[in-house]
Amino acid sequence: MPLSPAFHPPLLRGALIPAIVLALGAPVAIAVHATAAVADEAASEDAASDDGPAAGTLMLRGQGIAKSLPAVRLGTDMDVTVTGQIARVRVTQAFRNTSDKWMEASYLYPLPQDGAVDSLKMVVGQRVIVGHIQPREKARQTYEAAKASGRKAGLVEQQRPNMFSTSVANVGPGETVLISIEYQAPVAQANGTFSLRLPLVVGPRYTPPHTLTSAAAVEDANAVTAAPVLDTRLGNNLNPTSIAVHLAPGFDVANLVSRYHKINVTGATDDRTVSLADTTVPANRDFVLEWRSASADPTLGLFAQKTAKGDYVMASVTPPANLDGLPRPPREMVFVIDNSGSMGGDSMDEAKASLIHALGTLRPQDHFNVIRFDDTMTRLFEHSVAATPDQVGLATRFAESLEARGGTEMLPALKSALEDAGTGGGTDPDILRQIVFLTDGEISNEREMMAAIGADGGRSHVFMVGIGSAPNDFLMERMSTLGGGVYTHVGAPGEVAAKMMPLLDVLSHPAVRDLSVRVEGGSLDLTPLRLPDVYAGRPLVLVGRSDKLSGTLTVSGRIGNKPWERRVDLASALPSPSIEKLWAHRKITDVEADRALGKLEDDRADAEVERIGMESGIVTSRTSLVAVDETPSRPAGARLTREELPINLPAGWDFDTLFGQDAVQQAPKDGSGDLAAMQAQALELPQTATGFLGLVGKGLALLLAGMTGLALVLRRRAA
Amino acid sequence: MNAAALRMPLRIREVAHKRGLLVLLALAVCLSGAVEIGRGLYIPAKAAVAQVLLERAFDRSRIDHAPRKPWPWADMTPLARLVVPGLGTSSVVLDSGSGQALAFGPTLLPGGARLGQSGTAVIAAHRDTHFRFLRDLKKGDLLFLQTREGVERRYRVTGMEVVRWDGYAVADAPVGERLDLVTCFPFDAIRRGPWRYVVHAEAVTR
C-alpha cells in the first residue's frame with residue numbers, strides 16, 4: 001500500500017473530530033494568574049508552562065485535589081435517637097494527628113438541611129470543654145486568638161444550611177481531639193413511609209464566575225469549595241464513619257430498610273437498634289433509613305415542648321392518599337436535565353432514565369418541553385409542544401444522547417424553564433404548569449436560584465429530582481418548597497422507577513387547594529408563614545409557639561372540588577424535648593424565604609438570623625459554636641501547620657469527567673483554594689481544523705495507486 | 001466467464017485468475033480512494049450548505065429577535081452575522097449548543113463575553129472552512145457584526161497572535177468591547193497541532 005504514515009491521522013480524524021470538538025469545546029473555567037489581568041500576558045505565560053494537550057476539563061474553580069493522604073486523620077461516629085418524628089443526632093469527629101508537627105485541621109461536611117445544631121463539646125484527653133454560641137465573626141476571633149496563644153480550640157460554622165465546617169487548632173503530634181456536635185431534625189414522611197437521611201459527604205461544588213463580584217462572594221465561594229477531593233487513585237476509603245440508630249417512633253416498626261448500606265437490626269419492634277453491618281463505611285454517600293408503621297398509617301403526629309419561654313408544638317397533618325376518582329387536568333411540563341461534569345458516572349444514567357421514564361407517562365393532551373444544561377443550554381423545542389408519540393420519541397432520543405461535561409450554569413436553564421412554562425400553556429387556569437428539574441444541585445449560588453423562583457410568583461410548580469449519592473438537599477428542598485412542588489431523591493440506578501412513580505402520581509394530581517390553617521381557643525405563632533403546596537400522601541408539618549398551649553388547630557382546603565378539613569386538639573400533644581430548636585430553625589427558614597423573595601434586605605435578614613441564632617443557641621449562617629481550652633498546650637516556639645481535610649468523591653461520580661486527566665499535575669498549583677479570586681479567565685480553544693484536505697489528498701493518493709496498479713495489470717495481460 | 005475459463009489450458013487459467021484478483025484489488029483501492037475524496041469534499045459542502053440554511057434562519061431571527069433553529073434537529077441557533085467588507089466574506093455565527101456546531105459555522109465560545117457586552121467575546125471556527133479568511137486579515141481591517149437582537153458593532157483588528165490551545169485567557173474585568181477570532185494554526189497543516197491563531201479586534205464607534 002503506498003500510504004505514508006503522515007496520512008494516518010486524517011484517516012482517524014473523521015471520527016475523532018466530533019469527539020475532540022465536544023471535549024475541547026467545553027468552556028473551561030480555570031482561573032489563572034492573579035496578576036495577569038491582561039489576556040496577552042496570561043496567554044504567553046501559560047504557553048510556557050504546561051505541555052501536552054489533554055481532553056480533560058477542570059471545571060471547578062478552587063476545588064483542589066489531594067494527591068496524598070492527610071496528616072490529620074478523621075473518624076466520624078453518628079449516634080441517632082429517633083423519638084416520635086424527631087431525630088436527635090450526635091456526631092463525634094475524632095481528629096487524629098499522625099504527623100510529628102502541631103496541626104490545625106479543618107473539615108467540611110454536610111448535615112441535613114433542616115437540622116438545628118445546638119451543642120458542641122471538645123474532648124481533650126480527660127477534659128471536656130463545652131462550646132458556646134457567638135456571632136459568627138466574634139466566634140472566629142475567639143478561635144483565632146486561642147489558636148495564636150497555643151490553646152486548643154474548636155469552631156463549628158455553617159457555610160450553607162446543609163454544609164458545616166469544623167476547625168480544630170493546636171492538635172499536638174500523635175494527639176487525638178474529639179469534637180462532638182448535636183443536632184435535631186424532623187423525620188421526613190411521604191405516603192406512610194418515614195425516612196431518615198444522614199448525608200455523609202459534600203459533593204464538589206461549581207461556582208458560576210458571574211457570582212464572584214465582591215470579596216465577600218469570593219470568600220463564600222472559597223469556603224464551600226475548601227475541601228480538596230482525594231484523588232480516587234489513592235482509594236476511596238477516607239473518613240470512616242460508624243452509624244447507630246435507636247428507633248423508637250412510638251409505634252411498631254415494619255419494613256425497616258436501609259437504602260444504600262447494609263445494616264444489622266436488633267431489639268423490640270417498637271424500639272429498634274440499627275447498626276452498620278460493616279463497622280465503618282467510607283463517607284462517600286448518604287445513609288438513608290426508611291420504615292413504616294406495622295399498624296394503620298398514623299396520619300397525625302403531634303408533639304409539644306413546654307419551656308419557661310413558652311410552649312412549642314409540632315403538628316404534621318397528612319391529606320388522604322387516595323385520589324383515584326379525581327379528574328386529571330391537562331398539564332404543561334418542562335423537564336430540565338443537568339448534564340454538567342459533576343453528573344458524570346452513575347448520576348447521568350439515573351437522570352436520563354428518570355427523564356425517559358417521565359416522558360413515557362405523558363398523555364396526548366399534555367404539552368411538554370425539555371431543556372438540558374451544563375455551562376451551555378439547549379431547549380429542545382422553542383416552545384412547549386403537544387406530547388404526540390413523535391415528539392415524545394424525539395425527546396427520548398435527545399435524552400439518550402446526553403453526555404456529562406462542563407460547568408453547572410443552572411440559573412439560565414431555570415429562567416428559561418420558568419419563562420417557557422409562563423408562555424407556552426396560554427392563560428387557561430386549569431392547565432397545571434410544572435417544571436421537573438433533574439440535577440445533583442452542586443452549585444454555590446443557591447440564593448440566586450431561589451430568587452428566580454420567587455420572581456416567578458408561583459405561576460409554575462417546581463419539582464426537584466435530586467440525582468446521585470449525595471445531592472445538595474438544601475437547594476432541592478427549598479426550591480421545591482418555594483416553587484410549590486415536592487423534592488424526590490433518586491440515589492441509585494436501581495431505584496429510578498420506584499422513586500419516579502410516586503412523584504409522577506403527585507404530578508398527575510392537583511395539590512390541596514385553598515389551604516388554610518386556623519387556631520381556635522388559643523393563639524399560636526406558626527411557621528412556615530407561607531403555607532407550602534400540599535400533595536396527596538405528603539404531610540403539612542407546622543411548628544408553632546404559644547405562651548400557653550390550648551385550643552384546636554384546624555387545617556382545611558379543597559381536594560378536587562370537595563372540601564377537606566382536619567382538626568387537632570393541641571392539648572393532646574406528646575412531649576418532646578426538641579421542638580423549641582426546630583421552631584427557631586423554622587423561623588430562620590422563613591427569614592431566608594423572605595430574603596429570596598426580595599421582601600427582606602440582606603442586612604436586615606442577617607441581623608434577624610443572628611438574633612434568632614443567639615436566642616436559641618443554634619448554629620446559623622450568622623452564629624457559630626466555639627470551644628476553647630483554657631490551658632495552653634503548644635510550646636511557644638513550635639510552628640502550627642494548617643490542613644484542609646480532603647473528602648471522598650461521592651459514590652458513583654466520575655473523577656476524570658470532573659477533574660480531567662491532567663488534573664493531578666495541576667493540584668499543587670490549584671490546591672490553595674483561593675483561585676476563585678483571580679482576574680483573568682483561561683479559555684481552552686477548540687480544535688478548529690476539519691482536515692478535509694487531508695482526506696481528499698489521501699483519497700487522491702489511493703485512487704492514483706489503484707489506477708497505476710490497474711494499468712500495470714492490464715498492460716501485462718494485453719502483452 | 002466460467003465456461004470460457006474451462007476451455008482454457010490450466011496454466012493460462014491460473015495466470016488469469018491471479019490477474020483477476022489483482023484487478024479486483026486495484027479497483028478496490030480506487031473505490032476507497034473515491035470514497036475518501038467524497039468524505040473529504042462532503043465537509044466543505046456541508047459547511048457551505050449549512051451557512052445557506054443558517055442565513056435564512058438568521059434572517060427570520062432578526063425579525064422577531066428570537067432564536068430560530070436552522071433545521072428541526074439542530075441543537076444551536078444563529079446568533080449573529082460576521083461580515084468582513086474588505087475581504088467580501090459573510091458568515092453566520094452560532095451560539096454553541098454543542099461542539100458539533102463548529103462543522104456548520106463559527107461559534108461563540110461560552111467562556112467569553114456575550115456579543116455587544118463589555119469584555120472579550122471569542123468566536124472560533126475551522127481554519128480550512130469558515131475562518132480560512134483569517135490568514136488574510138491585516139491590522140486595521142474592519143469587521144462588522146450584527147446580532148439577532150439587533151445590536152450592530154464595528155470592530156477594528158488590533159493585532160494577531162499565535163498561542164497554544166491551553167495557553168489563552170481573556171480578562172474577566174470589563175475592558176471595553178473586544179472580539180477575538182480564533183482558529184487553528186498553521187493554516188495549511190495536515191496534522192492537528194497545539195497552536196491557535198488569534199485575531200484581536202476592538203469595537204470602534206462609527
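Note that the structure is a prediction, hence the values are computed from the model and not measured.

(A) Local environment of the overall build of chain B. Within chain B one finds 2 helices and 9 strands. Each helix and strand of chain B, placed in order from N terminus to C terminus, yields the pattern α-α-β-β-β-β-β-β-β-β-β. Expressed as a percentage of its 206 residues, the buried residues of chain B come to 43%. Looking at chain B alone, contacts between residues at least 24 apart form 54% of all its contacts between residues at least 6 apart.

(B) Examining the overall build of chain A more closely. Per the secondary structure count, chain A includes 15 helices and 38 strands. Classification of the 719 residues of chain A by burial places 53% in the buried group. In chain A, 79% of the contacts between residues at least 6 apart in sequence involve partners at least 24 apart.

(C) Structural view of the pairing of strand β11 (residues 176–186) of chain A. All names here are of chain A. The buried count for β11 comes to 8 of 11 residues, which makes it a mostly enclosed element. Examined bridge by bridge, strand β4 (residues 86–97) and β11 share 11 bridges and lie antiparallel to one another. Looking at β11, one finds that Q93 is bridged to I179. Here strand β6 (residues 116–124) pairs with β11 via 8 bridges, running antiparallel. Its bridge partner being in β11, K121 is matched across the sheet by S180.

(D) Structural detail: unusual backbone geometry. All names here are of chain A. With an omega of -5 degrees, the peptide bond between T527 and P528 qualifies as cis. Take P528: it is sitting in the loop between β31 (525–527) and β32 (540–546). In this structure, N170 takes a positive phi of about 65 degrees despite not being glycine. As for its position among the elements, N170 is in strand β10 (residues 163–171). Although it is not a glycine, N255 sits at a positive phi angle of roughly 50 degrees. Structurally, N255 can be placed in strand β16 (residues 253–258). Residue N255 is classed as exposed on the basis of its 12 C-beta neighbours within 10 Å.

(E) Broad picture of the sheet that holds strand β5 (residues 102–110) of chain A. All names here are of chain A. Read across the open sheet, the 6 strands follow the order β8-β36-β9-β10-β5-β37; overall the sheet is mixed. Both edges of this open sheet fall to β8 (132–135) and β37 (640–644), since each of them pairs with a single strand only. On average, each strand axis in the sheet is inclined to that of its neighbour by 20 degrees, with strand direction left out of account. Bridge count between β5 and β10: 7 bridges; the pairing is antiparallel.

(F) Main features of the environment of B:P44. Tracing the backbone shows B:P44 in helix α2 (residues 10–64). For B:P44, a count of 18 C-beta atoms within 10 Å gives the class partly exposed. When the C-alpha positions of B:P44 and B:D128 are compared, they lie 8.4 Å apart, and in sequence the two are 84 residues distant. Among residues more than four places away in sequence, those in contact with B:P44 are A:F692 and B:T129.

(G) Examining the environment of A:T241 more closely. Residues and elements named next belong to chain A. Looking at where T241 falls in the secondary structure, it is placed in strand β15 (residues 240–248). With 43 residues separating them in the primary sequence, T241 and N284 have C-alpha atoms 9.6 Å apart. With residues near it in sequence (within four places) discarded, T241 still touches T76, M78, L200, T280, V281 and A283.

(H) Representation of the confidence of the model for chain A. Residues and elements named next belong to chain A. This prediction gives chain A a mean pLDDT of 80; 83% of its residues lie at or above 70. For the stretch residues 1–62, pLDDT sits under 50, and the model shows 147 contacts to residues farther than four places along the chain or on other chains. Predicted confidence for residues 661–679 stays below pLDDT 50, and this span has 51 contacts to residues more than four positions away or in other chains.

(I) Region of interest: the packing of helix α5 (residues 346–359) of chain A against helix α6 (residues 389–400) of chain A. All names here are of chain A. Viewed as axis vectors pointing N to C, α5 and α6 meet at an angle of 175 degrees, and their least axial separation amounts to 9 Å. On the basis of their axis angle, the class for α5 and α6 is roughly antiparallel. Here α5 contributes K352, L355, I356 and L359 to the contact with α6, which in turn contributes V392, A395, T396, A399 and E400.

(J) Highlighting the pairing of strand β29 (residues 487–490) of chain A. Because side chains alternate across β29(A), one face comprises the buried residues A:Y487 and A:H489, and the other comprises A:T488 and A:V490, equally buried. In terms of handedness, the path from strand β28 (residues 461–467) of chain A via helix α9 (residues 473–482) of chain A over to β29(A) forms a crossover that is right-handed.

(K) Region of interest: the sheet that holds strand β33 (residues 552–559) of chain A. Residues and elements named next belong to chain A. Strand order in the open sheet formed by 3 strands is β30-β33-β34, with antiparallel pairing between adjacent strands. Each edge of the sheet is formed by a strand with only one pairing partner; in this case those strands are β30 (513–520) and β34 (562–569). Ignoring strand direction, the axes of neighbouring strands in this sheet form an average angle of 15 degrees. Direction of pairing for β33 relative to β34: antiparallel, over a ladder of 8 bridges. Residue pairing for β34: S556 is matched across the bridge by E565.

(L) Region of interest: the nonpolar core. One finds A:F335, A:V336 and A:F463 to be the most contacted residues of the largest nonpolar core, which totals 170 residues. Here this core gets 8 residues from one element, more than from any other, and that element is helix α11 (residues 579–596) of chain A. Counting the residues that make up this core, at least three belong to each of domain 2 (66–295 + 618–644) and domain 3 (331–508) of chain A. Sequence-distant contacts of A:F335, that is, excluding residues within four places in its chain, are made with A:L355, A:A358, A:F368, A:V370 and A:V436. B:A50, B:A80, B:F131 and B:V182 belong to the second largest nonpolar core, which has 50 residues in total.

(M) Quick peek at the packing of helix α8 (residues 446–456) of chain A against α9(A). All names here are of chain A. Viewed as axis vectors pointing N to C, α8 and α9 meet at an angle of 10 degrees, and their least axial separation amounts to 9 Å. Taken as axis vectors, α8 and α9 run roughly parallel relative to one another. Here E446, M449, M450, I453 and G454 of α8 come into contact with α9, specifically with F474, L475, R478, M479 and L482. The residue makeup of the contact of α8 with α9, split by class, is 7 nonpolar, 1 polar and 2 charged.

(N) Region of interest: helix α12 (residues 602–616) of chain A. Residue and element names in this part refer to chain A. Counted at 1.5 Å a residue, the expected span for α12 with its 15 residues is 21 Å, and the 21 Å between its end C-alpha atoms agrees. Residues A605, V609, I612, G613 and S616 constitute the buried set of α12. Viewed along the axis of α12, the buried residues span an arc of 100 degrees, placing them on a single side of the element. Looking at the buried side of α12, the elements it contacts are β8, α11 and β36 (623–632). Just downstream of α12, G617 is the residue with a positive phi angle, here 70 degrees.

The rules behind the values
Residues numbered from 1 in each chain as written. Chains lettered and ligands numbered in written order. Predicted model: local features only at pLDDT ≥ 70, side-chain atom pairs only at ≥ 80, totals over all residues. Helix = DSSP H or I, 4+ residues; strand = E, 2+ residues; numbered from the N terminus. Buried ≥ 20, exposed ≤ 12 C-beta atoms within 10 Å, placed from the backbone. Contact = placed C-beta atoms within 7 Å. Pairing = 2+ DSSP bridges. Axes fitted to C-alpha atoms, helices over the stretch in contact; angles between N-to-C directions. pLDDT = per-residue confidence, 0-100. Parallel < 35°, antiparallel > 145°, perpendicular 65-115°, else oblique. Right-handed = clockwise from strand over helix to strand, strands pointing away. Core = buried A, V, L, I, M, F, W, Y, C linked by C-beta atoms within 7 Å. Domains from an automatic or database assignment. Nonpolar A, V, L, I, M, F, W, Y, C, P; charged D, E, K, R; others polar. Expected span 1.5 Å × (residues − 1). Arc of directions from axis to C-beta.

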